[in-house]
Amino acid sequence: MNKKITTAFEAQRQACEMLGSPLTRDVVGFCADNFAANGVIAELVRGWQGDPLNDNVPLRLAGFAHYAALRGDGIAAFYESCGGRYQDTDRAALAGALVDLFTREEKTARRFLRSAPQTNETGRAAMLLLGFSEIAKRLGLPLRLREMGASAGLNLFFDQFHYRLATDRGDMDWGRADSPLSLVAQWRGTPPALADEIEIASRRGCDLFPVNIADADQRMKLQSWVWGDMPDRRARLLAALEIADIAPPEIDRADAAGWVAAQIMARPSGQATVLYHSIVWPYLNVSQRFAIESAFAQAAEEVRSDAPLVWLKMDGRELGTIAQLSYRIWTGANGPEGEEVILGPCHPHGRDMEITAPF
Ligand SMILES: C[S@@+](CC[C@H](N)C(=O)[O-])C[C@H]1O[C@@H](n2cnc3c(N)ncnc32)[C@H](O)[C@@H]1O
């Protein structure tokens, strides 16, 4: 087990280096050193029940340090997210502060380590937008949004963000120019014109571990998973929270396997039901996937044109693989198979997309 934990630390340290977070790289590195020296980190994670790599043990430790900083612990001095700063010359001071924090707060840290890292990446809305727009243009109905694996549900507000999209046809702008959240992404290929407006009938999501943004502690935990020296990602998260705060989304605590069926079987007329997800499929086991596919097969048997059904995915089969944006649409006139449209592969965080559908 010790070997597995050591391997997990090294893999995470390298990932942080590659992804441009020297602070998280060093937090993980110092935790690894302390673990090897049988310090407080070894007390906390020795004998971990599970796979330390899959369970993201190093990121849970780094998440706790950031959470403590956000709550006002002195370690905040190293976190840009808290007005602090970290540079190479601070390495010894950071190492000392970490040992001190984990020693003082061992009990709180132990509780924190039980929760898996949980982010809600609003950048993905810059990919999903193309799907929502195509669906709205085709069906001409308000969208009844249903998101499985919604986390805090921030992408349910995609229509209230502003987008700046660099495309082969030149730059495109979409959304509210005065939105607190402006997303920048690249759409390679030749996108179609976007819907002028997308009307939303209702928004609802589910998650095994929903984040309640009205709860101060859960809100802080959500922030703690965004690395403390990544100001752009943090700014995006805070802006999306500001939007969602106006009418917080309803996120049911539920397994997608049963929830999807309940949401798509009975559909109100005059609305297009859009069940969607981003980077959730790899987390589902075979029977959960089968339950969702069966629910769609059953719902697709009876689709009327006044209550169409769409399954929009920004997802891959496995974690770490490229995601694909696609949708299957049942209009009431195209039979139980419906029609599948593959829009193209995209970056899993929503940085860019290759539009392969012919427009
Ligand atoms: C990588 S996160 C993606 C969150 C969000 N879709 C986004 O794009 O930011 C995966 C989410 O799926 C949720 N999840 C995993 N298995 C699930 C299940 N069986 N039912 C519902 N949610 C699930 C997790 O709790 C987590 O919030």
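Position numbers for residues start from 1 in each chain and track the written sequence from start to end. Totals for whole chains, interfaces and linings use all residues, but because this is a predicted model, local features are given only for residues with pLDDT of at least 70 and pairs of side-chain atoms are given and counted only at 80 or more. Excluding hydrogens and water, the side-chain values take into account all heavy atoms of the structure.

Is there a simple way to think about the pattern of salt bridges in this case?
Two side chains that carry opposite charge are able to pair once their charged atoms sit near each other. A pair is scored as a salt bridge if a Lys or Arg side-chain nitrogen falls within 4 Å of a carboxyl oxygen belonging to Asp or Glu. For the coordinates displayed, the defined rule picks out 23 salt bridges. D352 is the salt-bridge partner of R188, the closest N and O atoms lying 3.7 Å from each other. Of the two residues, R188 is situated in strand β4 (residues 182-188) and D352 in strand β11 (residues 352-354); the sequence distance between them amounts to 164 residues. A residue is classified by how much of its surface remains accessible, and R188, at 28% relative accessible area, is partly exposed. Overall, D352 belongs to the buried group, its relative accessible area being 14%. Ionic pairing is found between E340 and R328, a salt bridge with its closest N-O pair at 3.8 Å. On the criterion of sequence distance, the pair formed by E340 in strand β10 (residues 339-346) and R328 in strand β9 (residues 323-330) is long-range, its members being 12 residues apart. For every residue, the accessible area (1.4 Å probe, protein chains only) is compared with the maximum for its type, and the residue is labelled buried under 20%, exposed over 50%, or partly exposed between those bounds. Given a relative accessible area of 42%, E340 falls into the partly exposed group. Classification of R328 by relative accessible area gives partly exposed; the value is 25%. Going along the chain from the N terminus, every DSSP run of H or I of four or more residues is numbered as a helix, and every run of E of two or more is numbered as a strand.

Looking at this structure, how should I read the side chain of T273?
Along the chain, the position of T273 falls in strand β7 (residues 272-278). Residue classification places T273 among the buried residues on the basis of a relative accessible area of 0%.

Teacher, can you tell me more about helix α11 (residues 286-299) here?
Given 3.6 residues per helical turn, the α-helix brings residues three or four places apart onto the same face. Helix span, expected: 1.5 Å multiplied by one less than the number of residues in the helix. Here α11 spans 20 Å end to end across 14 residues, near enough to the 20 Å set by a 1.5 Å rise per residue. Those residues of α11 lying buried are Q288, R289, I292, A295, F296 and A299. Down the axis of α11, the sector holding all buried residues measures 125 degrees, keeping them to one side. Exposed side chains of α11 directed beyond 90 degrees from the buried face belong to V286, S287, F290 and Q298. Pairs of residues are marked as contacts when any of their non-hydrogen atoms sit within 4.5 Å. Those residues of α11 that are buried are in contact with β1 (143-148), α10 (256-265), β7, β8 (309-315) and β9. Note that the arc is computed from the directions linking the helix axis to the C-beta atoms.

How do you make sense of the domain arrangement of the protein chain when you look at a structure like this?
Along its sequence, the protein chain is carved into domain 1 (2-112) and domain 2 (122-213 + 248-354). The straight-line distance from the C-alpha centre of domain 1 to that of domain 2 is 35 Å. As annotated, the domain borders come from an automatic or database domain assignment.

Explain the packing of helix α4 (residues 57-70) against helix α8 (residues 216-224) to me, please; I cannot follow it from the model alone.
In this description, a line fitted to the C-alpha atoms serves as the axis of each element, helices being fitted only across the stretch in contact, and the angle between N-to-C directions of two axes falls anywhere from 0 to 180 degrees. Put simply, α4 and α8 touch, their axes get as near as 8 Å, and they point 125 degrees apart. By the angle class used here, α4 and α8 are oblique. The hand of the α4/α8 crossing is right-handed. Seen from α4, the contacting residues are G63, H66, Y67 and L70; seen from α8, they are D217, M220, K221, Q223 and S224. Three residue categories are used. Nonpolar comprises Ala, Val, Leu, Ile, Met, Phe, Trp, Tyr, Cys and Pro, charged comprises Asp, Glu, Lys and Arg, and polar comprises the others, including Gly. Within the contact of α4 with α8, the residues separate by chemical class into 3 nonpolar, 4 polar and 2 charged. Working definition: roughly parallel below 35 degrees, roughly antiparallel above 145 degrees, roughly perpendicular at 65 to 115 degrees, and oblique for all remaining angles. We call a crossing left-handed when the near helix sits turned anticlockwise from the far one by less than a right angle, and right-handed when that turn is clockwise.

In this structure, what is going on with the site of the ligand? I would like to understand it.
Proximity criterion: a residue is near a molecule or strand once any of its heavy atoms comes within 4 Å of it. Neighbouring residues of the ligand: 20 residues in total, closest E121, R124, G149, D207 and S278. E121 has a polar backbone atom sitting 2.8 Å from an oxygen atom of the ligand. Contact with the protein chains hides 93% of the accessible area of the ligand, taken as 600 Å² for the molecule alone. For the shell around the ligand, the per-class residue count stands at 8 nonpolar, 7 polar and 5 charged. Side-chain atoms alone can form a polar contact between residues adjacent in sequence; in general such a contact is a pair of N or O atoms within 3.5 Å, and within protein one must be able to donate a hydrogen while the other accepts it. Per-residue and other accessible areas were derived by the Shrake-Rupley procedure at a 1.4 Å probe size, with only the shown protein chains allowed to occlude residues.

Explanation requested: the packing of aromatic side chains in the structure shown.
Aromatic ring pairs are reported here in terms of the distance separating the ring centres and the angle at which the planes meet. Centres within 6.5 Å make a pair out of two Phe, Tyr or Trp rings, where for Trp the six-membered ring is used; the pair is then stacked when the planes are under 30 degrees apart, edge-to-face when over 60, and tilted otherwise. Taken as a whole, this structure holds 14 aromatic pairs when the rule is applied. Measuring from ring centre to ring centre gives 5.5 Å for F64 and F102, while their planes differ by 50 degrees; the resulting arrangement is tilted. With F64 in helix α4 and F102 in helix α5 (residues 91-104), this pair connects stretches of sequence that are 38 residues apart. Aromatic pair F132 and Y276: ring centres 5.0 Å apart, planes at 85 degrees, arrangement edge-to-face. Residue F132 is located in helix α7 (residues 125-139), and its partner Y276 is located in strand β7; the two are separated by 144 residues in the primary sequence. Across this residue pair, the class does not change: F132 and Y276 are buried.

Looking at this model, I keep getting lost on the packing of helix α1 (residues 2-18) against α4. Mind explaining?
How two helices pack is summed up by the angle between their axes together with the distance between the axes. Where α1 meets α4, the closest approach of the two axes is 8 Å, and the angle between their N-to-C directions is 65 degrees. The residues of α4 that touch α1, namely those facing A8, F9 and Q12, are P58, L59 and L61. Of the residues in the contact of α1 with α4, the class split is 5 nonpolar, 1 polar and no charged.

Hey, could you run me through the side chain of Q288 in this one?
The residue Q288 is located in helix α11 in this model. A polar contact is formed between the side chain of Q288 and the side chain of D255, at a distance of 2.9 Å. Residue contacts for Q288: discarding those within four places in its chain leaves D255, A257 and Y283.

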